[in-house]
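Geometric and topological summary
Spelled out from the first residue to the last, the chains are:
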Amino acid sequence: LTQYIHLNPVKAGLVIDPRGYPWSSCPLYFTSGSVWFERDAILHQFGSSLPTQMESYWMYLQEGMEHFAELLGKPYVKRKRFLGLDDFVNRHLS
């Protein structure tokens, strides 16, 4: 579920790296300081130390981005409304 949520801004073409989207909790999964929400339940699934957890969680997000790209071929956003291949976007813009 966190992968889906954290990759939404990437799928929408708002950012290339989900850690750069300021209105998401994703960047906070990659900080060593304290955060305002409980992330340990998620990160503990990715290792025993915080550095390992962060690295493994980033790899998990990257796998999701690669899988998404494989499903759609060459995904992109056009006019920040449609996500898909040229044919799909052009059909829906006309």
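Small disclaimer: the values here were computed from a predicted structure and weren't measured.

**Focus on the overall build of the chain**
What the chain contains, in helices and strands, is four helices and two strands. Listing every helix and strand of the chain by position from the N terminus yields α-α-α-β-β-α. Taking all 94 residues of the chain together, 27% fall into the buried category. Considering only contacts in the chain between residues 6 or more positions apart, those separated by 24 or more positions represent 32%.

**Quick notes on helix H1 (residues 2–11)**
Listing the buried residues of H1 in full gives Thr-2, Gln-3, His-6, Leu-7 and Pro-9. Buried residues along H1 cover an arc of 140° about the axis, so they all sit on one side.

**With respect to the confidence of the model for the chain**
In this model, the chain carries a mean pLDDT of 81, and residues with pLDDT of at least 70 account for 73%. Per-residue pLDDT, averaged within each element of the chain, yields its smallest value for strand E1 (residues 77–78) (41) and its largest for helix H2 (residues 40–43) (93).

**Considering the nonpolar core**
Among the nonpolar cores identified, the biggest contains 11 residues, and these are Leu-7, Cys-26, Tyr-29, Phe-30, Phe-37, Leu-43, Phe-46, Met-54, Tyr-57, Trp-58 and Leu-61. A total of four residues in this core trace back to one element, the largest contributor, which is helix H3 (residues 50–72). When residues no more than four places from it in sequence are discounted, the contact partners of Phe-37 are Ser-25, Leu-28 and Tyr-29.

**Digging into the pattern of salt bridges**
Inspection of every chain in the model, using the stated rule, returns one salt bridge. Between Arg-19 and Asp-17 there is a salt bridge whose closest N-O contact spans 2.8 Å. Asp-17 sits in the partly exposed class, given a relative accessible area of 27%.

**Quick word on the packing of aromatic side chains**
Tallied over the full model, the rule gives nine aromatic pairs. Ring plane angle 20° and centroid distance 5.1 Å describe the contact between Tyr-29 and Tyr-57, whose orientation is recorded as stacked. Placement of the pair is Tyr-29 in the loop between H1 and H2 and Tyr-57 in helix H3, with a sequence separation of 28 residues. The residues Tyr-29 and Tyr-57 share a single accessibility class, namely buried. A ring pair is formed by Tyr-57 and Tyr-60, whose centres lie 5.9 Å apart and whose planes are at 40°; its orientation type is tilted. With Tyr-57 and Tyr-60 both in helix H3 and three residues apart, this pair spans about one turn of that helix.

**Thoughts on the side chain of Arg-39**
You can see Arg-39 is positioned in the loop between H1 and H2. Despite its burial, Arg-39 pairs with no opposite charge, the nearest such side chain being Asp-40 at 4.4 Å. A polar side-chain atom of Arg-39 sits 3.4 Å from the main-chain carbonyl oxygen of Gly-33. Other than its neighbours up to four places away in sequence, Arg-39 contacts Leu-28, Tyr-29, Thr-31, Ser-32, Gly-33 and Leu-50.

Quick notes on the rules
- Residues numbered from 1 in each chain as written.
- Predicted model: local features only at pLDDT ≥ 70, side-chain atom pairs only at ≥ 80, totals over all residues.
- Heavy atoms only, no water.
- Helix = DSSP H or I, 4+ residues; strand = E, 2+ residues; numbered from the N terminus.
- Buried < 20%, exposed > 50% of the residue type's maximum accessible area, 1.4 Å probe, protein only.
- Contact = heavy atoms within 4.5 Å.
- Arc of directions from axis to C-beta.
- pLDDT = per-residue confidence, 0-100.
- Core = buried A, V, L, I, M, F, W, Y, C linked by side-chain atoms within 4.5 Å.
- Salt bridge = Lys/Arg side-chain N within 4 Å of Asp/Glu carboxyl O.
- Phe/Tyr/Trp six-rings, centres within 6.5 Å; stacked < 30°, edge-to-face > 60°.
- Lys, Arg positive; Asp, Glu negative; His and termini not counted.
- Polar contact = N/O pair within 3.5 Å; in protein donor to acceptor, adjacent residues only side chain to side chain.

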